[in-house]
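Chains, contacts and geometry: an overview
Below are the chains, spelled out letter by letter.
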Number of protein chains: 2
Amino acid sequence: MMKPVPEPVTIRDVARQARAGVGTVSRVLNGGANVSPATREWILEVMRHLDFRPHAQARRISGRRSEMVCFLLCNRDFVHSFHARVLQGVETCASELSRHVIYAVSCHNSNTPPGRIPLPPILRERGWFDGLILTGLIYGNFIRRIQALRIPLVALGNNVVTVDGAAEFDRVGFDGHKGTAEATEYLIRQGHRRIAFIGDTSFPWFKERQKGYAAAMLNGRLEPLAFTAKGVSAFAEYGEQAVASLLTSKSRPTAVVAGNDKIAYGVWRALLRQGLSVPDHISLVGFDDREEALLMEPPLTTVRVHKEEIGEALMKLLLERIHRPGPPFTRRIISTELVVRRSVKPRP
Amino acid sequence: MMKPVPEPVTIRDVARQARAGVGTVSRVLNGGANVSPATREWILEVMRHLDFRPHAQARRISGRRSEMVCFLLCNRDFVHSFHARVLQGVETCASELSRHVIYAVSCHNSNTPPGRIPLPPILRERGWFDGLILTGLIYGNFIRRIQALRIPLVALGNNVVTVDGAAEFDRVGFDGHKGTAEATEYLIRQGHRRIAFIGDTSFPWFKERQKGYAAAMLNGRLEPLAFTAKGVSAFAEYGEQAVASLLTSKSRPTAVVAGNDKIAYGVWRALLRQGLSVPDHISLVGFDDREEALLMEPPLTTVRVHKEEIGEALMKLLLERIHRPGPPFTRRIISTELVVRRSVKPRP
DNA sequence: ACTGGTTCTGGAACCGGTTTCATCATCTCC
DNA sequence: GGAGATGATGAAACCGGTTCCAGAACCAGT
């Protein structure tokens, strides 16, 4: 015998069973005002008895609010632990505020020309979510196209590229300039004079950090040095290759500021292979404070970015944006923190 | 002057503008049969002109299908790169199949007693999603409670604990037993005889791997050795502490099979600190093939788990489950792969 | 021109909730 | 005890889609 799938219980079933109107049941569902305690108790009892679970979509459709947000990772090549942790911050905050999170990844990658980036399918319909959180590698033009759909959005400010025109939007970020400057100043205080920066400045975040580094150097009346690599996409390899040119330079630096921890890792490994030790021969600082920082030996001195906190701030700012459309836009900075470990050695 | 937020365009607006019936417009929306080419073109034109974006929730409510799945990470302490990559596999597969993914994390953690684990709020309503993917650390009882709500689900089989009773469900997993056995056999072929296993067997996945290790040892007529640590929760530290007891043992092993790469990393670091080298003094293999494996020096020989592939398989299996309710349940195994790097040295 | 059969089409009913509204019971106050 | 305010209630309209259905338009065959 075929057992039929039982029809789900609806609000009208509850109303009928409780000999009440659907309106009353609905008011009970929503912690309703204007329901007598006796009636409420009775209807709650009936709901429990029937195993009533209200239909989420149906509730949202008339309520005009989906209570979902979408975390959109722009660019498939950026599926990394950094964004995973921002997502985690978003999720934590969302669940505290009774919201749910849709996780989506834009279908393009780094090979896609900026003008050709398609809008993700989830944007084709309205009503999936109330607002959008953008991370990854974000183009200004992409933001403007989404804004044209009147979708509330916030973005991880550090990751926005505006080669194709600026955009106005709410952003949360960290101060890469200041963070790197502080790390550089720390190296200077430790007695270092020839300090190099290694990072691919075609990415906006490395550009910003490079500027912070340069500012600190100039401020200390020191000459900024940069070493680069060509034609590598992975960050660790970028660091590894850049070291090659660093070692052949006539006045070898005594310290390196790496654009992030992955690059620092590459630098570390390349030095190790050359028989050079961190920090005995060359001191090293990174940026991000990823897991790698603790895995290196000695553990890496680096600039910690509070990724979960950024996620939380993104979520909160998005909710404000949803409730208050239109300018002005705000910019929230989550402060970084220099984490001193053992990869830097003072120089007399 | 206050600029009113423009009312969103509905299907009835399109119908009115196109002088057509809503039914016809709906049929056009759904690639509809029984619409004359001329009418279709005309209505599409009107839709484009009005910037019509259909309301997702409204479409789903009568369609009885949300086209969403929920990726639920059970246990907050398991927010790690492993699950992030499974999630990535799920997302990739979902977007190919025009589904969206809700990312949720259960609000309990490892301190929560199994019986006290609350159902996540997203389960209180129906209609958010069509099916559930469970990862993290999953209790059999938890699964049964969700099944009682008639929610289709699949789970990462390796991560299910059945101390509180078994459960029947669709599962995708990898064969930890076989994977570790192969790694152990590889060590044996390389001439090792005293091989130890290090891993906290109170976790189901380490238990399974430990059994695979033991089977391979017995099969090679060797005696299984285990070293453990007490009262540490982080895996790397577990490895580090276990090494202490390993080094004091009377007949020191020449090779170690670690429960996973994090433990292997801890082992590696502890040995390094004792002035012992991998692989010269002790050979080492891990499990998972996480990022850490490549960061160690020398890079770690380990058993690769195809995490994205597992995510894809979970997604596909879930869709099957949604369309065909009721037993039988299936079990899908994604094969592992021994990745030989340089952390093992042959013994004469 | 009439028939029978497709193909198209618009309108109504429906999905499962929320919100508005009219009604009626109670309560307060003079 | 009657007027007016307040609270509780059920019915109906609504949210924005889909689906069903009756009828119109069209077509070929005799």
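Note that the structure is predicted; figures quoted are calculated from it, not measured.

**So, the overall build of chain A**
Within chain A one finds twelve helices and 14 strands. For 348 residues, the compact-globule estimate of 2.2 N^0.38 gives 20 Å, and the C-alpha radius of gyration of chain A, at 26 Å, exceeds that figure by more than 25%. Judged by the C-alpha coordinates and their principal axes, chain A covers about 90 × 50 × 40 Å. The proportion of buried residues among the 348 residues of chain A is 54%. Of the contacts made within chain A by residues no fewer than 6 positions apart, 69% connect residues no fewer than 24 positions apart. Just so you have it, chain A exposes about 15800 Å², and 51% of that area is on carbon and sulfur atoms.

**With respect to the sheet that holds strand β5 (residues 153–156) of chain A**
Paired through their backbone hydrogen bonds, the strands of a sheet run either parallel or antiparallel. One open sheet accounts for twelve strands, arranged β13(A)-β7(A)-β5(A)-β3(A)-β1(A)-β2(A)-β2(B)-β1(B)-β3(B)-β5(B)-β7(B)-β13(B); its pairing is mixed. Two strands lie at the open edges of the sheet, namely β13 (331–334) of chain A together with β13 (331–334) of chain B, each paired on one side alone. Averaged over all pairs of adjacent strands, the angle between strand axes in this sheet comes to 25°, irrespective of strand direction. In the sheet, strand β3 (residues 131–136) of chain A pairs with β5(A) via three bridges, with the strands oriented parallel. Opposite L134(A), over in β5(A), you have A155(A) as the bridge partner.

**A word on the environment of D280(A)**
All names here are of chain A. Note that D280 resides in the loop between α10 (261–273) and β11 (283–288). In this structure D280 comes out as partly exposed when scored by relative accessible area, which is 49%. Considered as a pair, D280 and R347 are 67 residues apart in the sequence and their alpha carbons are 9.7 Å apart. A polar contact is formed between the side chain of D280 and the side chain of K345, at a distance of 2.9 Å.

**Here's the deal with the pairing of β3(A)**
All names here are of chain A. Burial analysis of β3 places six of its six residues in the buried class, the great majority of the element. Alternating positions in β3 separate into two faces, G131, I133 and T135 on one and L132, L134 and G136 on the other, with burial throughout. Relative to β3, strand β1 (residues 68–74) runs parallel, the two being bridged by six bridges. Bridge pairing in β3 places L73 opposite T135.

**Things to note about the interface of chain B and chain A**
At the junction of the two partners, chain B supplies 52 residues and chain A supplies 52 residues. Note on chain B versus chain A: buried area summed over both sides is about 5100 Å², and carbon and sulfur give 54% of it. For the chain B face of the interface with chain A, the top three residues by lost area are R53(B), Q57(B) and R126(B), together amounting to 17%. One can count ten salt bridges joining chain B with chain A. Between E125(A) and R59(B) there is a salt bridge; the shortest N-O distance is 2.9 Å. Our count for the chain B to chain A interface comes out at 33 residue pairs in polar contact (both at pLDDT 80 or more). Across the side of chain B that touches chain A, the residue classes break down as 27 nonpolar, eight polar and 17 charged. Pairing of strand β2 (residues 100–105) of chain A with strand β2 (residues 100–105) of chain B involves three bridges; the strand directions are antiparallel. When the bridges of β2(B) are listed, V101(A) appears paired with Y103(B).

**A closer look at the protein's contact with DNA strand C**
Every one of the 31 residues lining DNA strand C counts as a neighbour, but I11(A), R12(A), S26(A), T24(B) and T39(B) are closest to it. When the atoms of DNA strand C within 4 Å of the protein are grouped by moiety, sugar and phosphate amount to 61% of the total. A distance of 3.1 Å is found between a phosphate oxygen of DNA strand C and a backbone nitrogen or oxygen belonging to S36(B). Between DNA strand C and the protein, one listed contact pairs a phosphate oxygen with a side-chain N or O atom of T39(B) at 2.5 Å. Within the residue set of the surface near DNA strand C, elements represented by two or more residues are α1 (11–18), α2 (22–29) and α4 (56–63) of chain A together with α2 (22–29) and α4 (56–63) of chain B.

**Structural notes on the protein's contact with DNA strand D**
In the region of DNA strand D, 30 residues are neighbours, and T24(A), T39(A), I11(B), R12(B) and S26(B) sit closest. R59(B) is positioned with one of its side-chain polar atoms (N or O) 3.1 Å from a phosphate oxygen of DNA strand D. S62(B) has a polar side-chain atom sitting 3.1 Å from a sugar or linking oxygen of DNA strand D. If you list the elements that add at least two residues to the surface near DNA strand D, you get α2 and α4 of chain A together with α1 (11–18), α2 and α4 of chain B. Taken together, the residues that form the surface near DNA strand D break down as ten nonpolar, 13 polar and seven charged.

**Some thoughts on the domain arrangement of chain A**
Residues and elements named next belong to chain A. Taken domain by domain, chain A holds domain 1 (11–54), domain 2 (68–174 + 308–334) and domain 3 (176–305). Counting from both sides, the interface comprises 13 residues of domain 2 and, opposite them, eleven residues of domain 3. Buried area between domain 2 and domain 3, both sides added, is near 880 Å², and the carbon and sulfur share of it is 68%. Among the residues of domain 2 in contact with domain 3, F82, N158 and F174 are the three that bury the most area, contributing 49% of the side total. Counting the contacts that link domain 2 with domain 3 gives zero salt bridges. Where domain 2 packs against domain 3, one counts two residue pairs in polar contact (both at pLDDT 80 or more). The greatest single-element share of the side of domain 2 that touches domain 3, amounting to three residues, is contributed by helix α5 (residues 81–96).

So, how was this worked out
Here the residue index of a chain counts from 1 through its sequence in written order. Each chain is given a letter, starting from A, and each ligand a number, starting from 1, according to the order in which they appear as written. Local features in a predicted model are, by the rule used here, given only for residues with pLDDT of at least 70; side-chain atom pairs are given and counted only at 80 or more, and totals for whole chains, interfaces and linings are based on all residues. Hydrogen atoms and water are omitted, and side-chain values are computed over all heavy atoms in the structure. We count a stretch as a helix when DSSP gives it H or I for four or more residues in a row; a strand needs E for two or more, and each element gets its number in order from the N terminus. Atoms counted for the radius of gyration: C-alpha only. Globule rule: 2.2 Å times residue count to the power 0.38. The cut-offs for exposure are 20% and 50% of the maximum accessible area for each residue type, with area from a 1.4 Å probe on protein chains only; residues under the lower value are buried, those over the upper are exposed, and the others partly exposed. Residues count as neighbours in contact if any of their non-hydrogen atoms are within 4.5 Å of one another. Note on areas: Shrake-Rupley, 1.4 Å probe, and residue coverage restricted to the protein chains presented here. A strand pair is defined by DSSP finding two or more bridges across the two strands. A fitted line through C-alpha atoms serves as each axis, taken over the contacting stretch for helices, and the angle formed by two N-to-C directions is quoted from 0 to 180°. Contacts described as polar in this section are N or O atom pairs within 3.5 Å, which, within protein, must combine one atom able to donate a hydrogen with one able to accept it, while residues neighboring in sequence count only if both atoms come from side chains. When two parts are brought into contact, each loses some accessible area as probed by a 1.4 Å sphere; the total of that loss over both is the buried area. Salt bridge, as used here, is a side-chain nitrogen of Lys or Arg placed within 4 Å of a carboxyl oxygen of Asp or Glu. Each residue receives one of three labels: charged for Asp, Glu, Lys and Arg, nonpolar for Ala, Val, Leu, Ile, Met, Phe, Trp, Tyr, Cys and Pro, and polar for the others, Gly being one of them. A cutoff of 4 Å decides nearness: a residue is near a molecule or strand if any of its heavy atoms lies inside that distance of it. Residue ranges assigned to each domain were obtained from an automatic or database domain assignment.

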